[in-house]
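# Structural features, examined
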Amino acid sequence: MLRTVIAVSLVACCLALGLEEEWATFKSQYSKQYLMAEEVYRKQVFSQNLDYINIHNAEADNGEHTFWLGVNEYADMPIEEFKRVMLGYRFDATATNTNELYVPQIPDEAVPKKVDWREKGYVTPVKNQGQCGSCWAFSTTGSLEGQHFNKTKKLVSLSEQNLVDCSKKEGNMGCMGGLMDQAFKYIKKNHGIDTEASYPYKAKTGRKCEFKQPEVGATLTSWKDIPKGNEKDLQKASAELGPISVAIDAGHQSFQLYKRGVYTERECSPKKLDHGVLVVGFGEEVAEKYWLVKNSWGATWGQEGYIMMARDKENMCGIATQASYPIV
Ligand SMILES: *[C@@H]1O[C@H](CO)[C@@H](O)[C@H](O)[C@H]1NC(C)=O
């Protein structure tokens, strides 16, 4: 009994102290600077996010969740702002799909238990889209970097800014959102995409396209879609080909503040896709099957920029709803 009382008061003390400390650490770690009035507001949002993190993690320690949350760069944003600023996948559920479909070449029994294309050199370091809804461009370069690597044995980082500035005709809207398949279409029509080094990222929609033909880093001949919602096919494509572009529903506080473990979210929709990311493999951890997913929110988000998302849980967060990859 006595021990319980002590434990409770200790927790209360440390949580109270925690906010000031966590706030100071957060501000310095992410170089946050606010005007006075804004700081009051941001601190209050941070405090609410911190409560959410602490409650969730206590439950996770208790075995009620398979993943943990943590303070990151986005901990001063309310979820509505986070969705508006950070997510940019423009999914049209009514559009009919006329793309060619992937047909698996490997039988069920040949699918490995674990795949991680990072180990094979197919994946560039984690990038950061900043406050611009250009996730779709990062997802596009991610799968093309992988396929280009397999073809040339050279890992070339490709230019998201090229896609952001130049693929409006294909239906993309720069920092206001876009689709990977529309970006593949642009790259095909344009006969290539520039390298990252020659056309660096600015996190803003440029007024004009600055594509330079001599700086092309990769090309593609076409692209294919994974049959809609089929996680088995996505797994085979991921095992057989390399990193695959996927769209997900990421519009949740749990995703915003994800730190580690296998992510599951009951509120997640398989249809309301709002974020483009890259599947770089899959596996199983403590009996939880996962997709290994590369995000574009820098290396301080999640597990060094990556998230493990639940696999074979009824297409959770729609990860297999709009998956595709380029043919090089
Ligand atoms: C790499 O390219 C070769 C040659 O086109 C192909 O046979 C192989 O399946 C590809 N491997 C991956 C992992 O994409």
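Cut-offs used in this document
Each residue is numbered by its place in its chain's sequence as written, counting from 1. Only residues with pLDDT of at least 70 are given local features in this predicted model, and only at 80 or more are side-chain atom pairs given and counted; all residues enter the totals for whole chains, interfaces and linings. For the side-chain quantities, the full set of heavy atoms in the structure was used; hydrogens and water were omitted. Think of it this way: one heavy atom of a residue within 4 Å of a molecule or strand is enough to make that residue near it. Under this definition, polar contacts are N or O atom pairs within 3.5 Å; protein pairs additionally need one hydrogen-donor-capable and one acceptor-capable atom, and for neighbouring residues in sequence, both atoms have to be side-chain atoms. The protein chains shown are the only cover counted for residues, whose accessible areas, like all others here, come from Shrake-Rupley with a 1.4 Å probe. Polar here means any residue outside two lists: the nonpolar Ala, Val, Leu, Ile, Met, Phe, Trp, Tyr, Cys and Pro, and the charged Asp, Glu, Lys and Arg; Gly therefore counts as polar. For every residue, the accessible area obtained with a 1.4 Å probe (protein chains only) is divided by the maximum for its type, and the residue is called buried under 20%, exposed over 50%, and partly exposed between those limits. The way it works is that DSSP assigns letters per residue, a run of H or I at least four long becomes a helix, a run of E at least two long becomes a strand, and they are numbered from the N terminus. Strand pairing follows a simple DSSP-based rule, namely that at least 2 bridges must link the two strands. What makes a patch is a set of residues exposed beyond 30% relative accessible area and free of salt bridges, joined within 9 Å when like-charged and within 5 Å when nonpolar (Val, Leu, Ile, Met, Phe, Trp, Tyr). Any carboxyl oxygen of Asp or Glu within 4 Å of a side-chain nitrogen of Lys or Arg constitutes a salt bridge here. Counted as positive: Lys and Arg. Counted as negative: Asp and Glu. His and the chain ends are not counted at all. Think of each charge as sitting on NZ of Lys, CZ of Arg, CG of Asp or CD of Glu. UniProt positions are given in the numbering used here, feature names are shortened, and annotations may be inferred rather than shown by experiment. Two cysteine sulfur atoms make up a disulfide if the distance between them is within 2.5 Å.

### Here's the deal with the site of the ligand
Taken together, Trp117, Tyr122, Asn150, Glu240 and Leu241 make up the full set of residues near the ligand. Within the contact set of the ligand, an oxygen atom lies 2.3 Å away from a side-chain nitrogen or oxygen of Asn150. Between an oxygen atom of the ligand and a main-chain N or O atom of Leu241, the distance comes to 2.8 Å. When isolated, the ligand has an accessible area of 360 Å², and the protein chains bury 41% of it. For the shell around the ligand, a count of residues per class yields three nonpolar, one polar and one charged.

### Side note on the pairing of strand β8 (residues 275-285)
Within β8, nine of the 11 residues are buried, which leaves the element mostly enclosed by the surrounding structure. Bridge count between strand β2 (residues 115-116) and β8: two bridges; the pairing is antiparallel. Counterpart to Asp116 in the pairing with β8 is Gly281. Here strand β6 (residues 244-248) runs beside β8; their pairing, made up of five bridges, is antiparallel.

### With respect to the environment of Arg42
One can find Arg42 in helix α2 (residues 36-61). The class for Arg42 is buried, based on a relative accessible area of 10%. The sequence separation of Arg42 and Thr25 amounts to 17 residues, and the corresponding C-alpha distance is 14 Å. Among the polar contacts made by the side chain of Arg42, one reaches the side chain of Glu81 at a distance of 2.8 Å.

### What about a positive patch on the surface?
On the surface, a cluster of positive charge is made up of Lys202, Lys204, Lys208 and Lys212. Residue placement: Lys208 occurs in the loop between β3 (193-194) and β4 (216-218).

### Quick word on the pattern of salt bridges
One pass over the full model with this rule turns up 16 salt bridges. A salt bridge links Lys27 to Glu39, with the shortest nitrogen-to-oxygen separation between them at 2.6 Å. With Lys27 in helix α1 (residues 2-29) and Glu39 in helix α2, this pair connects stretches of sequence that are 12 residues apart. For the salt bridge of Glu100 with Lys224, the shortest nitrogen-to-oxygen distance reads 3.6 Å. Of this pair, Glu100 sits in the loop between α3 (79-86) and β2 while Lys224 sits in strand β5 (residues 222-225), and the two are 124 residues apart along the sequence. A relative accessible area of 48% places Glu100 in the partly exposed class. Overlapping salt bridges, with partners in common, bring together Lys127, Glu145, Glu160 and Glu196 in one network.

### Here's the deal with the UniProt feature "domain: Cathepsin propeptide inhibitor" (unreviewed entry) in the protein
In the UniProt entry, the feature "domain: Cathepsin propeptide inhibitor" (unreviewed entry) is given for residues 23-82. In this annotation, residues 23-82 is assigned 62% helix and 5% strand; the end-to-end C-alpha distance for the span is 19 Å.

### Some words on the state of the cysteines
If you walk through the whole model with that rule in mind, you get three disulfides. Here Cys166 is linked by a disulfide to Cys209, with a sulfur-sulfur distance of 2.1 Å. Here Cys166 and Cys209 share a disulfide; its torsion about the S-S bond, 95 degrees, makes the bridge right-handed. Linking Cys166 in helix α5 (residues 160-166) with Cys209 in the loop between β3 and β4, this pair joins segments that are 43 residues apart in sequence. Judged by relative accessible area, which is 12%, Cys166 ranks as buried. The class for Cys209 is partly exposed, based on a relative accessible area of 39%.

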